[in-house]
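Residues per chain are reported as follows:
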Amino acid sequence: MAKSAPPPPRSGQLPDLDREAVDRALATVVPDARDRAFVLRCILEEGPRHHRIASWALLRALAGLLESRPPAAPLEAEAIPTEPLRMRLPPSVAQASEDAAFPIGIPKRLLARSLEDDEETAIALEALADGPPHHALANAVMLWLMEALAGR
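The numbers attached to residues start from 1 for each chain and follow its sequence in the written order. Note on the predicted model: pLDDT of at least 70 is required for a residue's local features to be given, and 80 or more for side-chain atom pairs to be given and counted; whole-chain, interface and lining totals, by contrast, use all residues. Side-chain calculation: all heavy atoms of the structure are included, whereas hydrogens and water are not.

Once that is clear, we can look at the overall build of the chain. From N to C terminus, the chain includes 7 helices and 2 strands. Secondary structure elements are taken from DSSP: a helix is a run of H or I of four residues or more, a strand is a run of E of two residues or more, and numbering for both begins at the N terminus. Along the chain, from the amino end to the carboxyl end, the secondary structure elements read α-α-α-β-α-β-α-α-α. Buried means the residue's accessible area, taken with a 1.4 Å probe over protein chains only, is under 20% of the maximum for its type, while exposed means over 50%, and partly exposed covers the values in between. With 152 residues in all, the chain has 33% of them scored as buried. In the chain, the proportion of contacts linking residues at least 24 apart, taken out of those at least 6 apart, comes to 71%. Should any heavy atoms of two residues lie within 4.5 Å, those residues are considered in contact.

Rendered as structure tokens:
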């Protein structure tokens, strides 16, 4: 009888999972390594464990699909319209902050192509940006990886 793998740990930080592929896939969108590390830390180290692992699994799958496609012209991220992804800050902090947005926005092009009209796109963008940072950033990164896939 085949021996099954032990179940993953049920508590604590995310096990040491491969972030390299996601980091490489995101490099075109967030060229600054420190900004990318911040985005990935928010997604993979904040929030409930099941959210961190689910986000990692989906991002890793998308990065794997991207790696498996023949190379295409680099994603021209600056040419794709985005919705800024604002940080939720307390009012007293927000007033003093010059930079209250994450270093990545939510791309709108694929959504606009896929949804019925501007109203649906606006509703989707609002929902994708809502919630804690680990949700909103994971949504943004997934859409960017989908944009890159659509270009291949």
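Next up on the list: the packing of helix H2 (residues 33–45) against helix H3 (residues 49–68). At a minimum axis separation of 7 Å, H2 and H3 run at an interaxial angle of 125°. Classed by the angle they form, the pair H2 and H3 counts as oblique. Contacts between H2 and H3 involve Ile43, Leu44 and Glu45 from the first element and Arg52, Ser55, Trp56 and Leu59 from the second. Put simply, Ala, Val, Leu, Ile, Met, Phe, Trp, Tyr, Cys and Pro go in the nonpolar bin, Asp, Glu, Lys and Arg in the charged bin, and everything else, Gly too, in the polar bin. Its residues assigned to classes, the contact of H2 with H3 comprises 4 nonpolar, 1 polar and 2 charged. Only the stretch in contact is used when a helix axis is fitted, and all axes are lines through C-alpha atoms; the angle between N-to-C directions ranges over 0 to 180 degrees. The labels follow the angle: roughly parallel below 35 degrees, roughly antiparallel above 145, roughly perpendicular from 65 to 115, and oblique for the rest.

Moving on: the packing of H3 against helix H7 (residues 133–150). Where H3 meets H7, the axes come as close as 9 Å, and the angle between the chain directions of the two elements is 10°. Viewed along their axes, H3 and H7 adopt a mutual orientation that is roughly parallel. Counting all contacts with H3, which are made through His51, Ser55, Leu58, Leu59, Leu62, Ala63, Leu65 and Leu66, the residues of H7 involved are His134, His135, Ala138, Val141, Met142, Leu145, Met146, Ala148 and Leu149. Class assignment for the residues of the contact of H3 with H7 results in 13 nonpolar, 4 polar and no charged.

The subject of this paragraph is the nonpolar core. Most often, soluble globular proteins keep nonpolar side chains buried together rather than apart. To define a nonpolar core, start from buried Ala, Val, Leu, Ile, Met, Phe, Trp, Tyr and Cys residues and group those joined through side-chain atoms within 4.5 Å. With 37 residues, the main nonpolar core has Leu26, Ile43, Ile104, Leu137 and Val141 as its most contacted residues. Top element by residues in this core is H7. It accounts for 11 residues. Not counting residues within four places of it along the chain, the set of residues in contact with Ile104 comprises Leu26, Val29, Val30, Val39, Leu85, Leu137, Val141 and Trp144.

Should a side-chain nitrogen of Lys or Arg be within 4 Å of a carboxyl oxygen of Asp or Glu, the pair is scored as a salt bridge. Applying the stated criterion across every chain, the model contains 6 salt bridges. Glu45 serves as the salt-bridge partner of Arg19, at 3.1 Å between the closest nitrogen and oxygen. Here Arg19 is found in the segment before helix H1 (20–26), whereas its partner Glu45 is found in helix H2, with 26 residues between them in sequence. The class for Glu45 is partly exposed, based on a relative accessible area of 32%. The partner of Glu67 in a salt bridge is Arg24, and the shortest N-O contact between them spans 2.5 Å. Within this pair, whereas Glu67 is found in helix H3, its partner Arg24 is found in helix H1, the two being separated by 43 residues in sequence.

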